[in-house]
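These are the residues of each chain, in order.
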Amino acid sequence: MSDQNPYQKLGVSEDASFDEVQDARNRLLEQHGGDSKGRELIEAAYDAILMDRLRMRQEGKIKVPERIRFPEMRVPSPQKESPVTRDQSPAWLQRILDQPSLSDVLAPGAWFLGLSAISLFVPAASDQVLQLGLVVGVGVSIYFLNRKENKFGRAVLFTLASLIIGLIAGGLIAVPVLQQLALINITANQFSTVLTFILMWLISSFLR
């Protein structure tokens, strides 16, 4: 690559417009990401082209766009309102919602799926087994929440809230749901426990 001229390094022709040169530079910078040496070579090639264009301008061989010669006279064009902006969720919601990576979703999901399976499919799961599962679920939820944000108190608060809400909601809707699922042999306590695990998974994965 060292034998190439600056235009070849950016992949543009020598008569390319300034916009084409700038677009090529930006595209290559994005492709190289954290490759500092590659980015330096791209920036060096870009600077060399600008110097070449300046020399040619001084010799009267090309006309430099007004926005390059007189940037202070450039009138900023009105920015179009992005449709996404109007559809964005409220600021308070953005502060508590996270955009987790795949591992942040799958890792706690695997734990809670396993705990749910134990609660549902272990024959005649006793209340002691369900209570032990909830204790383990609380620990799992606190661990993954604290791992993401390193805020232990907040992790404990969110986990306890999910435990209370899950058990209360499960108790309220267990009877009507189980009546609809009469063929499925699970108890109200099993249903409440699994619902709580689902809520813990959502909170540990998608809350900050």
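Please refer to the structure higher up on the page.
All figures in this text were calculated on a predicted structure; none of them were measured in a lab.

Draft legend 1. Region of the structure containing the overall build of the chain. Helix and strand counts for the chain come out as ten helices and zero strands. The proportion of buried residues among the 208 residues of the chain is 28%. A separation of at least 24 residues holds for 68% of the contacts in the chain among residues at least 6 apart in sequence. Working note: accessible area of the chain is about 14,100 Å², and carbon and sulfur atoms make up 61% of it.

Draft legend 2. Main features of the nonpolar core. Counting 14 residues, the largest nonpolar core has Phe112, Val138, Leu163, Phe197 and Met200 as its most contacted members. Looking at this core, the elements with two or more residues in it are α7 (102-121), α8 (127-149), α9 (152-180) and α10 (188-206). Setting aside chain neighbours within four positions, we find phenylalanine 197 in contact with Phe112, Leu115, Ser116, Ser119, Gly133, Leu134 and Gly137. Core analysis: the next-biggest nonpolar cluster, separate from the first, contains 13 residues, Val12, Ala24, Ile42 and Ala45 among them.

Draft legend 3. Looking closely at the side chain of arginine 53. Tracing the backbone shows arginine 53 in helix α3 (residues 36-58). Aspartate 52 provides the closest opposite charge to the buried, unpaired arginine 53, separated from it by 5.0 Å. Engagement of the side chain of arginine 53 in a polar contact is seen with the backbone oxygen of glutamate 14, the distance being 3.3 Å.

Criteria and thresholds
- Residues numbered from 1 in each chain as written.
- Predicted model: local features only at pLDDT ≥ 70, side-chain atom pairs only at ≥ 80, totals over all residues.
- Heavy atoms only, no water.
- Helix = DSSP H or I, 4+ residues; strand = E, 2+ residues; numbered from the N terminus.
- Buried < 20%, exposed > 50% of the residue type's maximum accessible area, 1.4 Å probe, protein only.
- Contact = heavy atoms within 4.5 Å.
- Areas by Shrake-Rupley, 256 points an atom, 1.4 Å probe, with all protein chains shown as cover.
- Core = buried A, V, L, I, M, F, W, Y, C linked by side-chain atoms within 4.5 Å.
- Lys, Arg positive; Asp, Glu negative; His and termini not counted.
- Salt bridge = Lys/Arg side-chain N within 4 Å of Asp/Glu carboxyl O.
- Polar contact = N/O pair within 3.5 Å; in protein donor to acceptor, adjacent residues only side chain to side chain.

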